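An overview of the molecular structure
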Amino acid sequence: ARDLRTLFKQQILYTWAKSIIMKITKLNHIEYYPESLRKSLQTLGDYVEYDDIPDSQTAASRLAETDIGIVEWSVNVDRALLEAARPRLKHIIAPLADYSHIDCLAAKEFDISVSNCPGATTIAVAEHLFTLLGGVSRQIVLSDQLVREGKRDFYEPFMHMELHGKTLGILGLGDIGCHSANIGKAFNMEIIAHNRSPREQAGVRMVDMKTLFTESDALFITASSHPENNGLVSKEMLSLLKPSAYVISIAMPGITDEQALFDLLEHGRIKGAGYDMISEDSPLVKSNRTLLSPGIAWLTEECLERLFDTVYRNVKSCVDGSPINTVT
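In what follows, the accompanying structure is described. Starting from 1, residues in each chain are numbered consecutively following that chain's sequence as written. For this predicted model, a pLDDT threshold of at least 70 governs which residues receive local features, and a threshold of 80 or more governs which side-chain atom pairs are given and counted, while totals over whole chains, interfaces and linings are taken from all residues. Hydrogens and waters are ignored; side-chain quantities use all the structure's heavy atoms.

Some words on the environment of L238
In this fold, L238 is placed in helix α10 (residues 235-238). It is 40 Å that separates the C-alpha atoms of L238 and G69, two residues lying 169 residues apart in sequence. Contacts between residues were defined by any pair of non-hydrogen atoms, one from each residue, lying within 4.5 Å. Aside from chain neighbours lying at most four places away, what touches L238 is F213, V233, V247, D257, A260, L261, L264 and I270. Comment: elements are numbered from the N terminus, with helices defined as DSSP H or I runs of at least four residues and strands as E runs of at least two.

Observations concerning the pairing of strand β2 (residues 46-49)
Think of it this way: DSSP has to see at least two bridges between two strands before they count as a pair. As paired elements, strand β1 (residues 23-26) and β2 share 4 bridges and run parallel to each other. What sits directly across from T25, in β2, is V48. Assignment of crossover handedness uses the view with strands pointing away from the viewer, where a clockwise path from the first strand over the helix to the second indicates a right-handed crossover. With respect to chirality, the unit in which β1 leads through helix α2 (residues 35-42) into the neighbouring parallel β2 is right-handed.

Digging into the packing of aromatic side chains
Aromatic ring pairs are described here by two measures, namely the spacing of the ring centres and the angle between the planes. Two rings from Phe, Tyr or Trp (for Trp, the six-membered ring) form a pair when their centres sit within 6.5 Å of each other. Planes less than 30 degrees apart are called stacked, planes more than 60 degrees apart edge-to-face, and all others tilted. All told, the structure shown has 3 aromatic pairs when counted by the stated rule. An angle of 80° between the planes, with centres 5.8 Å apart, marks the rings of Y33 and F308 as edge-to-face. You can see Y33 sitting in the loop between β1 and α2 and its partner F308 sitting in helix α12 (residues 301-319), a full 275 residues away along the chain. Here the two residues Y33 and F308 agree in accessibility, since each one is buried. With 5.6 Å between their ring centres and 20° between their planes, F130 and F187 make a pair best called stacked. Remark: F187 occurs in the loop between α8 (175-186) and β7 (190-194) and F130 occurs in helix α6 (residues 122-137); sequence separation between them is 57 residues. F130 gets classed as buried once you look at its relative accessible area, which sits at 11%. When accessible area is computed with a 1.4 Å probe and restricted to protein chains, residues below 20% of their type maximum are described as buried, those above 50% as exposed, and intermediate ones as partly exposed. For F187, a relative accessible area of 38% translates into the label partly exposed. Three or more aromatic residues joined by ring pairs form one cluster here, namely F130, F187 and F220. One Lys or Arg, K26, reaches over the ring of Y33 and ends 4.8 Å from the middle of that ring. By definition here, charges over rings are those cases where NZ of Lys or CZ of Arg is within 6 Å of the ring centre and within 35 degrees of the ring normal. A cation over a ring is seen here: R62 above Y50, with NZ or CZ 3.7 Å from the ring centre.

Below, the structure written as structure tokens:
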């Protein structure tokens, strides 16, 4: 009888403990998700993970059964999905700086916090902007190809632009834009910038959009994927650039009119462009005046370490009842 009472008490304690332990769910596939993060999250609660890309119905079902959801950009967390996940879902963690895949207004309405990982990708992405600029302005791909074909002392197509003394324009003066400005200063460049909301940065001259496009020798597009920025780099704006200018972007597709950019490049109205992310079927792949990379600006070992450390701290803060890095 004593053993039965003990077992009964243990079962009650187990049921009670389980009821107050938060459930943490990694909703979908996340590239380079480390084992160390998995083990750390297991210490914070009832941790479950999925390694696929679920449809909206499956995603809603999973989120409806958890307290904290870690959701990467491949799942569109819209109003309908959030409403279906109520009332249990209380926190969503975006494991990148970008959180455009989450309807933050609906999340706020449903009392669901949304946290991202600000600053984790800043250094890597800013450095990649200059990698693209150097690569396209110095025609590194073509020069490598010619050397492999046996060419030596082959100068004709390689008249380059020095960065020293040139004007670097930055569209979007967030963390990445500010770090890019600091790198540009080290090249002794003049820095000008335009931001959707007022912002000041030492050594940066804030200007209007027209001035930004007119004066820039190299223009960095670092604007966020906020809906208001869609189509921001329009044909009208691109037409203001100098024929000697370069356009370099790590922004999400949709911000630049890629067809207009292609047309201006092909007609020699812009010298070159470097893009880390382009839209499907983008005409930019057809131009020999472009240097393209497949969304890898953020991908460094150091960045991943910062990123997943922030994911852990975000989840822990939710478990502790005081979410950090919230965007809602």
